[in-house]
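# Structure at a glance
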Amino acid sequence: MALLAGLVELCSTPREAPFGAILGRVASGASRGSKKLSRVRGKRIKPIIGLVGGIGAGKSSVARVLQSLGAAVIDSDRLAHDELADPEVIATLRGWWGDKVCPSHEVDRKALASIVFSDPHELDRLEKLLYPRIHRRRERLVAGYNADPAVRAIILDAPKLYEAGLGDYCDAVIFVAADWSVRVRRVAASRGWTEEELRRRENLQNSLDTKRANADHVVINHSSLDQLRTDVERIFSSVLAAFA
């Protein structure tokens, strides 16, 4: 898939470099494992909906609304974070890069980011380690949610959905949009990023215009939560009706 989107944005403190940036492409799970996922497609009875959008657009807010409507959310950043907490992965990373990356029983995310961001070869090593593991986790989740009668749809929240080749795996893709000024304000408040940092991170991904053009639905997220919920409910109903 492509490069990440922050270092695990949902798992880091506001002023830490989040994992999406290391793991955006790792977390999304590039084409190296999408064939495995495709085998599940013919067996599933519920739609898979991809979420894309700019950093700070509010994909997590949309995911929460969808979850309240009966969808199950697969957070690719969380999957990557969980893999980095696995003892086997920690042992491998310590063998590669020593105690500076794994000073105790967990990975130092800042140290890991400094290594893989400065050397494409090291990023490739990390991806080759984590890709298949994340794919297996995702595949198990998809199968489990597909069999759960309480789940109406499966949401795939991946930082680099299209770059990973996962767009075609989804039955529909929702692009979450928000004005640049709104996103700058949000990431400054939640992550301590400057406008320049947001721009740098976003330049590691495909252009938002391309993502928006490839999406099936667009939801604007810079007004009220009530309006957002109304718009998401409408899109969700449309996707369910089309899949039925």
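Scroll up a little and you will see the structure.
Now for a quick tour of the structure. Here the structure is a predicted model, which means the values were calculated and not measured.

What follows is about the side chain of Asn-221. As for its placement among the helices and strands, Asn-221 is situated in the loop between β5 (217-220) and α11 (225-243). There is a polar contact of 2.8 Å between the side chain of Asn-221 and the backbone oxygen of Ala-57. Once residues lying within four places of it in the same chain are set aside, the contact partners of Asn-221 are Ala-57, Gly-58, Ser-61, Val-176, Ala-177, Ala-178, Arg-186 and Leu-228.

One finds Leu-93, Trp-97, Val-101, Val-107, Leu-112, Leu-156 and Leu-161 to be the most contacted residues of the largest nonpolar core, which totals 38 residues. Contributions of two or more residues to this core are made by β1 (48-53), β2 (71-75), α4 (76-84), α5 (87-97), α6 (109-118), α7 (120-147), β3 (153-157) and β4 (172-177). It is α7 that contributes the most residues to this core, six residues altogether. Leave out the neighbours within four places in its chain, and Leu-156 touches Ile-48, Ile-49, Gly-50, Leu-51, Ile-74, Ser-76, Arg-138, Leu-161, Leu-166, Tyr-169 and Cys-170. Counting residues in each nonpolar core, the second largest holds 23 residues, with Leu-51, Val-62, Val-65 and Val-182 among its members.

Burial analysis of β4 places six of its six residues in the buried class, which makes it a mostly covered element. Bridge count for β1 against β4 is five bridges, and the pairing is parallel. Bridging across to β4, Ile-49 finds its partner in Ala-172. Pairing between β4 and β5: four bridges, direction parallel. The residue of β5 that forms the bridge with Ala-177 is Ile-220.

As a further point, take the sheet that holds β4. Reading across from one edge, β2-β3-β1-β4-β5 is the order of the five strands in this open sheet, with parallel pairing throughout. Two strands bound the open sheet, and with one partner strand each, they are β2 and β5. Geometrically, the sheet is characterised by an average inter-axis angle of 25° between neighbouring strands, direction not taken into account. Note that β2 and β3 share five bridges and pair parallel. Counterpart to Asp-75 in the pairing with β3 is Asp-157.

Another aspect to go through is the environment of Val-187. The topology assignment puts Val-187 in helix α8 (residues 180-191). We classify Val-187 as buried; its relative accessible area is 1%. With residues up to four places along the chain from it excluded, the contact list for Val-187 reads Ile-55, Gly-56, Gly-192, Trp-193 and Leu-198.

One pass over the full model with this rule turns up 13 salt bridges. Between Asp-124 and Lys-128 there is a salt bridge, with the nearest N and O atoms lying 3.0 Å from each other. Of this pair, Asp-124 and Lys-128 both sit in helix α7, four residues apart, which is roughly one turn of that helix.

A separate point is the packing of aromatic side chains. Enumeration according to the criterion identifies one aromatic pair in this entry. Aromatic side chains Trp-96 and Trp-97 sit 5.3 Å apart centroid to centroid with 70° between the ring planes, which places their arrangement in the edge-to-face category. The aromatic ring of Trp-96 is capped on one face by Arg-125, whose charged end is 4.1 Å from the ring centroid. We note Arg-191 situated over the ring of Trp-193; from NZ or CZ to the ring centre the distance is 5.0 Å.

Between α6 and α7, the least distance of the axes is 5 Å, while the angle of their chain directions is 120°. Of the residues in α7, those touching α6 at Leu-112, Ile-115, Val-116 and Ser-118 are Pro-120, Glu-122, Leu-123 and Leu-126. Across the contact of α6 with α7, the residue classes break down as six nonpolar, one polar and one charged.

This next bit is on the packing of helix α3 (residues 59-68) against α11. The N-to-C vectors of α3 and α11 enclose an angle of 60°; their axes lie 10 Å apart at closest approach. Between α3 and α11, the angle is such that the two are oblique. Classified by chirality, the crossing of α11 by α3 is right-handed. For the pair α3 and α11, contact is made by Ser-61, Val-62, Val-65, Leu-66 and Ser-68 and by Leu-228, Arg-229, Val-232 and Phe-236, respectively.

Cut-offs and rules
- Residues numbered from 1 in each chain as written.
- Predicted model: local features only at pLDDT ≥ 70, side-chain atom pairs only at ≥ 80, totals over all residues.
- Heavy atoms only, no water.
- Helix = DSSP H or I, 4+ residues; strand = E, 2+ residues; numbered from the N terminus.
- Polar contact = N/O pair within 3.5 Å; in protein donor to acceptor, adjacent residues only side chain to side chain.
- Contact = heavy atoms within 4.5 Å.
- Core = buried A, V, L, I, M, F, W, Y, C linked by side-chain atoms within 4.5 Å.
- Buried < 20%, exposed > 50% of the residue type's maximum accessible area, 1.4 Å probe, protein only.
- Pairing = 2+ DSSP bridges.
- Axes fitted to C-alpha atoms, helices over the stretch in contact; angles between N-to-C directions.
- Salt bridge = Lys/Arg side-chain N within 4 Å of Asp/Glu carboxyl O.
- Phe/Tyr/Trp six-rings, centres within 6.5 Å; stacked < 30°, edge-to-face > 60°.
- Lys NZ or Arg CZ within 6 Å of the ring centre and 35° of its normal.
- Nonpolar A, V, L, I, M, F, W, Y, C, P; charged D, E, K, R; others polar.
- Parallel < 35°, antiparallel > 145°, perpendicular 65-115°, else oblique.
- Left-handed = near helix turned anticlockwise from the far one by under 90°.

Keep in mind these numbers describe shape, not what the thing actually does.
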